[in-house]
Amino acid sequence: FSPARQLRVSGCGTRAAMAVQYANPGSESEVEAGERSEEVPSPRAGRAGARKLSSLKRVEVIAFFAAAGCVLAAAAWRWGPSTILDASTVEGATSMAEAIDGGAPSAAQAAAAPPAKCSGVGSDCRETRCCQQAGMQCFEKNANWAMCLPSCSPGLHKGDAVKEPWSCRVLWSKEQVQNDWAYARQRAQKALSGKKGWEKMALVAGADGGNGYAGFVNTQYSIEGSQALTMNDGPQGYNTYQERLRGTSTQFPALLSVSASFDPETSRQYAEAVVEEFVTKGSNVMLGPDVEVTRATLTGRSFETISGEDPFLGSQLVQPFVIAVQQKGVISTVKHWLDNNQEIYRQTMNVEVGDRAQHEIYMPVFKAAFDAGAAAVMCSYNKVYGEHTCQNSRLLKDLLRRDLGFQGFVMSDWGATHNATASVLGGLDVEMPTGKHVKDISAVFWTNDKLEPAVDEMATNVLSSMHYVGQFDGRFPIEGSLPKYGALDADATSDAHRLVARTVIEDSAVLLKNSKDALPLQTKGLKIAMVGHFCDETEDPQYKQGSVWSGGGSGYVFTNKGTTPLQGVKAHIKDADSIEFSKDASAAASADVAVICVAAHGEEGWDRANFSLPEAADLAASVRKTNSRAKIVVLAAVPGAVTTEWLDGVDAALLMFMPGEQVGPAV
């Protein structure tokens, strides 16, 4: 996992101290980087523009998507040595989590706690970051003012005495989240009071059909004022699934690009753009973000994770993402819980992980998402500790709810439920895509007196989540109990969303090498050669799923608005002497600079066979042989770590992380 040579970025000690401050605000660091378990990866490179790695000679394997810090030191969590317990702290606590920070409060406790520290309507909430009145959120206008409001639209507000635009960024606190969950649960319990078994069962299983969405739950038939849950992939843009709808949603860069930006504000803007398209399409449950910390670097879905390989980085990026999504009344589903680190054998493999590694590596990003109020989590296909995750009480009850304080609902991955009784008693809340197993559980209530109370809890968790994100309060637009008619066919794309996609590519690209300031190109009078078939391709028939610039699987977005590097260069550069293209090195014969386009591919269901960047070495050698004086620039799209044995033979290299449809303008 570690590169043969460290890149020139900040060292481990600073990030270790930052991590302890993150886990224990206000504390001094008591953790040295070397005290963490397992190996400590080297620092990694980040944004292009800001990082010119001129001292880099040769790197055998670079985990380009990784955070620039020590994974384990930066993942300081509640089990770290900086936490010291005495007998009086532990006495009376029902779990270690409660002994450390009080654990998750019960609904009754949370409801009874007066929000004395929160702000009232009309007062500035910048300091408190929470609101006394239920259903309100603290929205920022600017650096000097924020107010508790039921909703907020960026820009000028009618009747505002100070004519300045609102940013509408949500300011939040753990106290606000806990208060909102307590109120949501109270409302859910009241709504479910007196409901029959079949009415509760409608909340805990997917329905046939789906009405064009990935998943569909008929909650509207049993709860007055409710809307159906319309679930859809993915966190990297709205997946239309249907060829006829190609191009009606934006193919955003992969979440790995957000990770490589190292910027929470980029994460927020990205999530805002994506969720706006979900709202337009009528989907009120986003199946994302993917937050797994990459450990098996060849995993086919490495491009999907917002965490890269660093739990501290993922924790910083997931919170603004979740808040931005749920501000629109869309439930954010964090996935995949837990230890889902490879695609091959994902249906059958068993994972064994020690408690410390779980809490320091695999769980912190989930915890950060839940602290920000994430209302759903998806359990994975694999087994952990010998038990399927979607019926694993150790994972779903002990680690998830007791230790992390999760208060939303647990949905299964599609087809990941195996046994009705085990799943209901193990902590699953919603079986997807249909209720194949749990739909008849009410018929066997008599066999186990724990089943009926468990179903009550399942239904309460689902309804609480809907209340929490404001689906009963008009935050998500519907007609009757269903999404607006024709929503699936609507074109949700916009120039604003394309600009966000382009900006994320630019903020996340890594300038891996730039010898003698080869980049940026001084294009006036320059003869430019674009070399390699990927310079002018968006699709590759060799791929089972996905495309050249976007990874495949459930998170893939079909588009007919894709661009290529060649198109982008021709559209942007008007003062060059010539711009030529060839699949081989022939166009470089008389060129001043040759831009080589290469790509590696990743997709769901399969792991990559190796770390190679196909064609990079051969094309670079061929161009150098054809024209020894030309500058050679490699432009690469990768889903994760790749080898760089070709780097010595080129002058500059720019890496992007499955950039999506706006690769042309971004280049």
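Residues numbered from 1 in each chain as written. Predicted model: local features only at pLDDT ≥ 70, side-chain atom pairs only at ≥ 80, totals over all residues. Heavy atoms only, no water.

S.K.: Looking at this structure, I do not really get the pairing of strand S8 (residues 331–337). What am I missing?
M.R.: The two faces of a sheet get side chains in turn, since along a regular strand they alternate between them. With respect to burial, S8 is a largely interior element, 7 of its 7 residues being buried. Pairing between S8 and strand S10 (residues 376–379): 4 bridges, direction parallel. Across the sheet, the residue bridging to Val334 is Val377, located in S10. (Buried < 20%, exposed > 50% of the residue type's maximum accessible area, 1.4 Å probe, protein only. Helix = DSSP H or I, 4+ residues; strand = E, 2+ residues; numbered from the N terminus. Pairing = 2+ DSSP bridges.)

S.K.: Would you mind going over the packing of aromatic side chains with me for this structure?
M.R.: One pass over the full model with this rule turns up 8 aromatic pairs. Between Tyr270 and Phe321, the aromatic rings sit 6.3 Å apart at their centres with planes inclined by 40°, giving tilted as the arrangement. Remark: Phe321 occurs in helix H10 (residues 311–326) and Tyr270 occurs in helix H9 (residues 264–281); sequence separation between them is 51 residues. For the pair Tyr270 and Phe321, a shared accessibility class is recorded, and that class is buried. Taken together, the ring pairs connect Trp337, Phe366, Phe370 and Phe406 into an aromatic cluster. The ring of Tyr385 has Arg394 sitting right over it, with the charged end atom 3.7 Å from the ring centre. For the cation-ring pair, Lys544 lies above Trp606, with the distance from its terminal atom to the ring centre recorded as 3.9 Å. (Phe/Tyr/Trp six-rings, centres within 6.5 Å; stacked < 30°, edge-to-face > 60°. Lys NZ or Arg CZ within 6 Å of the ring centre and 35° of its normal.)

S.K.: Looking at this model, I keep getting lost on the side chain of Ser307. Mind explaining?
M.R.: Within the secondary structure, Ser307 is located in the loop between strand S7 (285–286) and H10. By relative accessible area, Ser307 is classed as buried at 0%. Ignoring sequence-local partners within four residues, the contact set of Ser307 consists of Ser259, Val291, Glu292, Val293, Leu313, Gly314 and Val365. (Contact = heavy atoms within 4.5 Å.)

S.K.: Before we go on, may I ask you to explain helix H13 (residues 393–403) in this structure?
M.R.: Helical geometry note: an α-helix holds 3.6 residues per turn, so side chains three or four residues apart project in the same direction. Along H13, the residues classified as buried are Leu395, Leu396, Leu399, Leu400, Arg401 and Asp403. Between the side-chain oxygen of the N-cap and the backbone nitrogen of Arg394 there are 3.2 Å, and the N-cap of H13 in question is Asn392. Directly after H13, the chain includes Gly405, whose backbone phi takes a positive value near 70°. (Polar contact = N/O pair within 3.5 Å; in protein donor to acceptor, adjacent residues only side chain to side chain.)

S.K.: Whenever I open this one, the nonpolar core confuses me. Can you help?
M.R.: One recurring pattern in soluble globular proteins: nonpolar side chains tend to sit buried together. If you look at the biggest cluster of nonpolar residues, it comprises 61 residues, and the most contacted ones within it are Trp337, Phe366 and Phe370. If one sorts the elements of this core by residue count, H10 sits on top with 7 residues. Apart from the residues lying within four places of it in its own chain, the contact partners of Phe370 are Val177, Val334, Val377, Leu400, Leu404 and Phe406. Counting 38 residues, the second largest nonpolar core, distinct from the first, contains Val204, Val424, Val462 and Val469. (Core = buried A, V, L, I, M, F, W, Y, C linked by side-chain atoms within 4.5 Å.)

S.K.: Got a minute to help me understand the state of the cysteines in this structure?
M.R.: Every disulfide links exactly two cysteines, by a covalent bond between their sulfur atoms. Scanning the entire structure with this criterion turns up 6 disulfides. There is a disulfide in this structure between Cys118 and Cys130, and the S-S distance comes to 2.1 Å. Where Cys118 bonds to Cys130 through sulfur, the torsion about that S-S bond is close to -105°, and the disulfide is left-handed. Highlighted residues: Cys118 in the loop between helix H5 (107–112) and strand S2 (137–142) and Cys130 in the loop between H5 and S2, separated in sequence by 12 residues. (Disulfide = S-S within 2.5 Å.)

S.K.: Teacher, can you tell me more about the pairing of S2 here?
M.R.: S2 sits mainly inside the fold: 5 of its 6 residues count as buried. In this structure, S2 lies alongside strand S3 (residues 145–149), joined through 5 bridges in antiparallel fashion. Its bridge partner lying in S3, Phe139 is registered against Met147. Counting the residues in the hairpin turn of S2 and S3 gives 2 residues. Pairing of S2 with strand S4 (residues 169–171), which is carried by 3 bridges, proceeds in the antiparallel orientation.

S.K.: What am I meant to see in the environment of Gly546 here?
M.R.: Within the fold, Gly546 resides in the loop between strand S15 (527–531) and helix H17 (565–572). Setting aside anything within four residues of it in sequence, one finds Gly546 in contact with Glu539, Gly551, Gly552, Tyr556 and His601.

S.K.: How should I be thinking about the sheet that holds strand S6 (residues 229–232) in this particular structure?
M.R.: As a general point, the strands of a sheet are linked pairwise by backbone hydrogen bonds and lie either parallel or antiparallel. Within the open sheet, the 6 strands sit side by side as S5-S6-S7-S8-S10-S13. Their pairing is mixed. The strands lining the two open edges of the sheet, one partner per strand, are strand S5 (215–217) and strand S13 (409–412). Where S6 lies against S7, 2 bridges are found, and the strand directions are parallel. Paired with Met231 across the strands is Val285, a residue of S7.

S.K.: Even after reading the chapter, I still don't get the pattern of salt bridges, so can you show me in this structure?
M.R.: Two side chains bearing opposite charge may form a pair once their charged atoms approach each other closely. The final tally for this structure, using the stated rule, is 28 salt bridges. Among the ionic pairs, Asp355 bridges to Arg394, the shortest N-O distance being 3.2 Å. With Asp355 in helix H11 (residues 355–362) and Arg394 in helix H13, the pair connects residues that are 39 residues apart, well separated along the chain. Owing to a relative accessible area of 46%, Asp355 belongs among the partly exposed residues under this scheme. By relative accessible area, which is 35% here, Arg394 ends up partly exposed. Sharing partners across several salt bridges, the network here consists of Arg301, Glu304, Glu343, Arg346 and Glu604. (Salt bridge = Lys/Arg side-chain N within 4 Å of Asp/Glu carboxyl O.)

S.K.: Please explain the packing of helix H6 (residues 174–192) against helix H15 (residues 451–468) as it appears in this structure.
M.R.: Two measures define how a pair of helices packs: the angle their axes make with one another and the distance between the axes. At a closest axis distance of 8 Å, the pairing of H6 and H15 adopts a crossing angle of 125°. As the angle between them shows, H6 and H15 are arranged oblique. For the element pair H6 and H15, the recorded crossing hand is right-handed. Mapping the contact onto sequence places Val177, Asp180, Trp181, Ala184, Arg185, Arg187, Ala188, Gln189, Ala191 and Leu192 in H6 and Glu457, Ala459, Thr460, Asn461, Leu463, Ser464, Ser465, His467 and Tyr468 in H15. Residue classes in the contact of H6 with H15 are distributed as 9 nonpolar, 6 polar and 4 charged. (Axes fitted to C-alpha atoms, helices over the stretch in contact; angles between N-to-C directions. Parallel < 35°, antiparallel > 145°, perpendicular 65-115°, else oblique. Left-handed = near helix turned anticlockwise from the far one by under 90°. Nonpolar A, V, L, I, M, F, W, Y, C, P; charged D, E, K, R; others polar.)

S.K.: I'm lost on the sheet that holds strand S14 (residues 510–514) in this one. Help?
M.R.: Spatially, 6 strands are ordered S14-S20-S18-S17-S15-S16 in an open sheet, and the strand pairing comes out mixed. The sheet terminates laterally at S14 and strand S16 (578–582), the two strands that pair on one side only. Between one strand axis and the next, the sheet turns by 15° as a mean value, whatever way the strands run. When strand S18 (residues 631–637) meets strand S20 (residues 652–656), the two strands line up parallel, connected through 5 bridges. What sits directly across from Ala636, in S20, is Leu655.

S.K.: Is there a simple way to think about the environment of Gly288 in this case?
M.R.: Here Gly288 is to be found in the loop between S7 and H10. Its relative accessible area of 0% is what places Gly288 among the buried residues. For Gly288 and Phe321, which are 33 residues apart along the polypeptide, the C-alpha to C-alpha distance reads 9.8 Å. In this structure, Gly288 is in contact with Pro235, Ser332, Thr333, Val334 and Lys335, ignoring residues within four places of it in sequence.

S.K.: Honestly, the side chain of Ser508 in this entry has me stumped. Any pointers?
M.R.: With respect to the helices, strands and loops of the structure, Ser508 is situated in helix H16 (residues 495–508). Beyond its immediate stretch of four places on either side in the chain, Ser508 contacts Ser257, Ala260, Ser261 and Phe657.

S.K.: Honestly, helix H18 (residues 616–626) in this entry has me stumped. Any pointers?
M.R.: When H18 is considered as a whole, its buried residues turn out to be Ala616, Leu619, Ala620 and Val623. Taken down its axis, H18 places every buried residue within 100° of arc, on the same side. The exposed set on the far side of H18, more than 90 degrees from its buried face, consists of Asp618 and Lys625. Looking at the buried residues of H18, the elements they touch are S15, strand S17 (593–599) and S18. (Arc of directions from axis to C-beta.)

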